[in-house]
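Listed below, chain by chain, are the residues.
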Amino acid sequence: MAADEDAWDRNMKAAARAMQDDKPGEALQAMEAALAAAREFDKTDPRLGSTHTQFARMYRHTGRDDKAEEHFRAALETLQRAVGEKHPLVALAYGDLGNFYRVRRSYVRAEQLLRKSIALLIETVGPAHAEVGRGLNNLGALMTALGRYGEAVSAFKTALENWEKSLDPGHPQLGTVYSNLGDAQRAQGEYQAAQDSFARSLDIREKALGSRHPSVSVTLNNMASLQRQLGRYKDAETSLRRALAIRERAFGRNDPRVATVLNNLAELMRDRGRFEAAEPIYHRASDILLDKLGGDAPRYGLSLTNIGALYGGMGKPEEALDYFKRGISVLEESLGTRHARLATAFNNLAELYRTQGNFDEAARYYARAQDIYEGTLGRMHPLVGDVTSNIGSLFRQQGLLGLADNMFARSLEIFEQGLGKSHTRTAIVLSEVAALRFQQARAGEALELIRRVQEILVGKDPAGGFAAESSVKRGNVRLVFDRMIQIAYAIRQSGEGESQALAEEAFRAAQLSLASGAGAAIRNLRARYAAGNDALATALRNLQDEREKWLRLEALLTAVAGKSVKSRRRLNLSDLQSRLEDQGARLRAMEKELELEYPDFAKLADDNPPTMTEVQASLKAGEALLVYHLGFDISFLWVIRQDRTTWLPLKAGHNAVDHLVRRLRKSLDVANVASLNDIPVFDTEAAHELYRLILKPAEKSVDGVDRLMLVPDGALQSLPFHVLLTAPAGAPAEFADYRQMSWLGNDFSMSTLPAVSSLKVLRRETPPSRASWAFLGVGDPDLDGKAKAPRGMASRLFAARGMADVDALRELPALPETEEELTLMAKSFGMGREALLLDDDASETELRAWNLVDT
């Protein structure tokens, strides 16, 4: 081997070893030496070109994209001079440069180069060569990034055909294409096909590479997007957490690839309204991106706007504004001023300004979002419809009612033409028009419109509908019911409508609003109920399959609605709308069949709210049912007694109530209390203010009542009502002062119900108990901790997945007072020591030995 060749070979190997050992400085030095040696080769030797290619890849790995581009270009030019244009190596160089531009989002240049690479490869090595498959896979990824999903699916399928012929059946590259294909199919609304592709990808990658390989995390991450879109939030979280564990193990905790999964996990949490859980995850992802990619990276800018949206949802406007502005500044510098992602940030920032009452800034950013969306997506795209409706809402708030009418008309045109007249997004805009008509003193028209909206939302409900788990969807749907209640109350007060009928209509809307947050719990309850019945479980699975078909059709309809008029005709938009309606009708028919065949099961999710008259029939003398609806501006309370009903407005919206409940619960937090001195001072001001807002207006209505049954809404669901104070009280000077305070719990016996329909269940006749014993008590277990040690439920008591840590539990101090409490309780039931499991007998083993069915 010649000296130059020997030096080239030695340095190329040294560079590869240095990169493998994570020593980029040494690697670059070795590559410089290899490049110097390659320049001495004959001009027809392609090794100089391949050296430039390796140099480019090394620079890409170290984040030096400017240098990487320089060497990719040099590789192409060198190879063209060495072997001529019609050569496979030149085709590969076109592909490398095109893929580099794809990753850099220079999509026009990327498409030209990738297509040229594929055509040249087919010409020089034939269509069956594996490199053709690689080029098609990269082209498919580019089409996905451009939103041209049909072309992406076609490219991926052709790549699969190529690789299934040129590679082994279980080759991991097949797993790559299946994962990419699934992502494009998901974006196109082909959910079942996407599900199949992801399953195939996961199977190939796990078998070929092992279950902990980073490639497996790519499929899991993509699969989670599909599961989230289908409303399978628990599955999505499981997939993301598994992907996160794989990437942390493979790349370390501080890697941008870890940040990708963290961001998706935080998005999932935010979508479900779990803001406190999302916050630290978002921040961790953002910190990683700043550290590794720098403060000018687009992904870092997006992470900042995500945190801004989160803080907006959490009611922290100052923090939200700061993050939005920082994120937008980064995005404008890195993506330019016309990118669709920037439009999303503008729309969210405008929403924040609107909630703050800064209408001028809100209008400015809405207009920028609308302009970008129209320019990049087209005038009839659903996202244009969304922001146009938001502008209409802003004008309505400002009292510019004519301008608002124009905006809503435009938004309705977009949604009705693209998605249909009975689509949820159409219904939400109609509810805005109803609010506008109400503001224009046209209450009758407003009521008819909001009735139509409610009919759309409640009547269809084929895929979870108004019970969807997304916090954004729930908020929009609750707003519809809130408007129904406000409009009905105003008409009733004006004397223009039939009083009792309006009260009943509003009472039904309040119950439907409460049900909009219970979708997940109902589905889980139904699944558990069906677990022991094979026929019912099969019917539920079939129903779920049909729901997913509905979701696929809706996603496809949304995608087609955003295309040009010519594309809409070609893809038969009206046919898609009809198919979606037909699928919704099929789902409703299947639900009816289930109700008829399994009536007890149907009662678990009975969505037919009871009337006030039916509630009255279930109540006894001395009882009152209090049903709350926390509205956006004003709330309402129904007080129902055996002899009369009262419908009252409450002068507080959900934000004010939420703030007071948080204050009160904070003063009741005893997580770190080890003695009386550690108990926080009770917030007497919040306790009385809450009573004044939510119960004092009903004082006359509950006169003579001794038992209250409460159906709370929103933050009130976490409120212990008995600690409210019916009279003002200052901060106690000493602990004994609490005894003198006017506790609501001293005036009434109280119980909390999850829904009005629960009363029907509670009052339904039940079969006599088979139990032969009236009571069984378990307490004072044999623990090893010191007698004076604190008993706070520290987080260390729980191991993975929420399971108790037995060793940590054993270190807790004994609980001798529980023996006395249980003995007194047993006595009240006419039982003695035989009904108690204490000391050594207070164990899982002893409890399992009992026949709890017949005891």
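Residues numbered from 1 in each chain as written. Predicted model: local features only at pLDDT ≥ 70, side-chain atom pairs only at ≥ 80, totals over all residues. Heavy atoms only, no water.

Digging into the sheet that holds strand β1 (residues 623–629)
- Read from one edge to the other, the open sheet built from five strands follows the order β3-β2-β1-β4-β5, with strand pairing classed as mixed. Of all the strands in the sheet, the pair left with one neighbour each is β3 (645–650) and β5 (749–752). On average, adjacent strands in this sheet sit at an angle of 20° to one another, irrespective of strand direction. (Pairing = 2+ DSSP bridges. Helix = DSSP H or I, 4+ residues; strand = E, 2+ residues; numbered from the N terminus. Axes fitted to C-alpha atoms, helices over the stretch in contact; angles between N-to-C directions.)

Let's talk about the packing of aromatic side chains
- Evaluation of the coordinates by the stated rule reveals 15 aromatic pairs.
- An angle of 50° between the planes, with centres 5.6 Å apart, marks the rings of Phe-72 and Phe-100 as tilted. With Phe-72 in helix α4 (residues 65–83) and Phe-100 in helix α5 (residues 88–103), this pair connects stretches of sequence that are 28 residues apart. Across this residue pair, the class does not change: Phe-72 and Phe-100 are buried.
- Taken together, a centroid distance of 5.5 Å and an interplanar angle of 40° make the contact between Phe-346 and Tyr-365 tilted. With a gap of 19 residues between them, Phe-346 in helix α17 (residues 340–356) and Tyr-365 in helix α18 (residues 359–377) connect regions that are remote in the sequence.
- A relative accessible area of 0% means that Phe-346 is categorised as buried.
- Residue Tyr-365 is classed as buried on the basis of its relative accessible area, which comes to 10%.
- Put simply, the rings of Tyr-489, Phe-507, Phe-636, Trp-638 and Trp-647 touch in pairs and so form one group of aromatic residues. (Phe/Tyr/Trp six-rings, centres within 6.5 Å; stacked < 30°, edge-to-face > 60°. Buried < 20%, exposed > 50% of the residue type's maximum accessible area, 1.4 Å probe, protein only.)

Overview of the nonpolar core
- Residues Leu-349, Ile-485, Phe-507, Val-615, Leu-625, Trp-638 and Trp-647 are the most contacted members of the largest nonpolar core, which totals 120 residues.
- Discounting residues that sit within four places of it in the chain, Phe-507 has contacts with Pro-610, Thr-611, Met-612, Val-615, Val-627, Trp-638, Ile-640 and Val-756.
- One finds Met-31, Tyr-59, Leu-120 and Ala-184 within the second-largest nonpolar core, a separate group that totals 53 residues. (Core = buried A, V, L, I, M, F, W, Y, C linked by side-chain atoms within 4.5 Å. Contact = heavy atoms within 4.5 Å.)

A short note on the packing of helix α3 (residues 47–61) against α4
- With their axes 8 Å apart at the nearest point, α3 and α4 run at an angle of 165° to one another. Relative to α4, the element α3 lies roughly antiparallel. When the axes of α3 and α4 are compared, the crossing they make is left-handed. Each of Leu-48, Gly-49, His-52, Thr-53, Phe-55, Ala-56, Arg-57, Tyr-59 and Arg-60 in α3 lies in contact with α4, whose residues at this interface are Asp-65, Lys-67, Ala-68, His-71, Phe-72, Ala-74, Ala-75, Thr-78 and Leu-79. (Parallel < 35°, antiparallel > 145°, perpendicular 65-115°, else oblique. Left-handed = near helix turned anticlockwise from the far one by under 90°.)

Re unusual backbone geometry
- Residues other than glycine seldom take positive phi values, yet Ala-441 does so here, at roughly 65°.
- The exposure class of Ala-441 is exposed, given its relative accessible area of 69%.
- Look at Asp-780: it is not a glycine, yet its phi comes out positive at around 45°.
- On the secondary structure map, Asp-780 appears in strand β6 (residues 777–781).

A short note on the packing of α17 against α18
- Relative orientation of the contacting elements α17 and α18 amounts to 155°, with a least axis distance of 8 Å. Classified by the angle their axes make, α17 and α18 are roughly antiparallel. Taken as a pair, α17 and α18 cross one another with a handedness that is left-handed. Residues Ala-340, Leu-342, Ala-343, Thr-344, Phe-346, Asn-347, Leu-349, Ala-350, Glu-351, Tyr-353 and Arg-354 of α17 form the contact with α18, whose own contacting residues are Phe-359, Glu-361, Ala-362, Tyr-365, Tyr-366, Arg-368, Ala-369, Ile-372, Tyr-373 and Thr-376.
- Of the residues in the contact of α17 with α18, the class split is 14 nonpolar, three polar and four charged. (Nonpolar A, V, L, I, M, F, W, Y, C, P; charged D, E, K, R; others polar.)

Examining the side chain of Arg-483
- Counting through the fold element by element, Arg-483 comes out in helix α23 (residues 471–494).
- The class of Arg-483 is buried, set by a relative accessible area of 10%.
- Those residues in contact with Arg-483, other than ones at most four positions away along the chain, are Arg-396, Ser-431, Glu-432, Ala-435 and Ile-450.

Structural notes on the pattern of salt bridges
- Under the counting rule described, the total for this entry stands at 48 salt bridges.
- The salt bridge involving Arg-47 is made with Asp-45; its shortest N-O contact spans 2.8 Å.
- In this structure Arg-47 comes out as partly exposed when scored by relative accessible area, which is 23%.
- Of the charged contacts in the structure, one is a salt bridge between Glu-699 and Lys-696, with a shortest N-O distance of 3.5 Å.
- One salt-bridge network, held together by shared partners, links Arg-57, Asp-96, Glu-131 and Arg-134. (Salt bridge = Lys/Arg side-chain N within 4 Å of Asp/Glu carboxyl O.)

Things to note about the environment of Leu-92
- Inspection of the secondary structure puts Leu-92 in helix α5.
- With 39 residues separating them along the chain, Leu-92 and Glu-131 place their C-alpha atoms 8.0 Å apart.
- In this structure Leu-92 touches Ser-117, Leu-121, Glu-131 and Arg-134, once residues within four positions along its chain are discounted.

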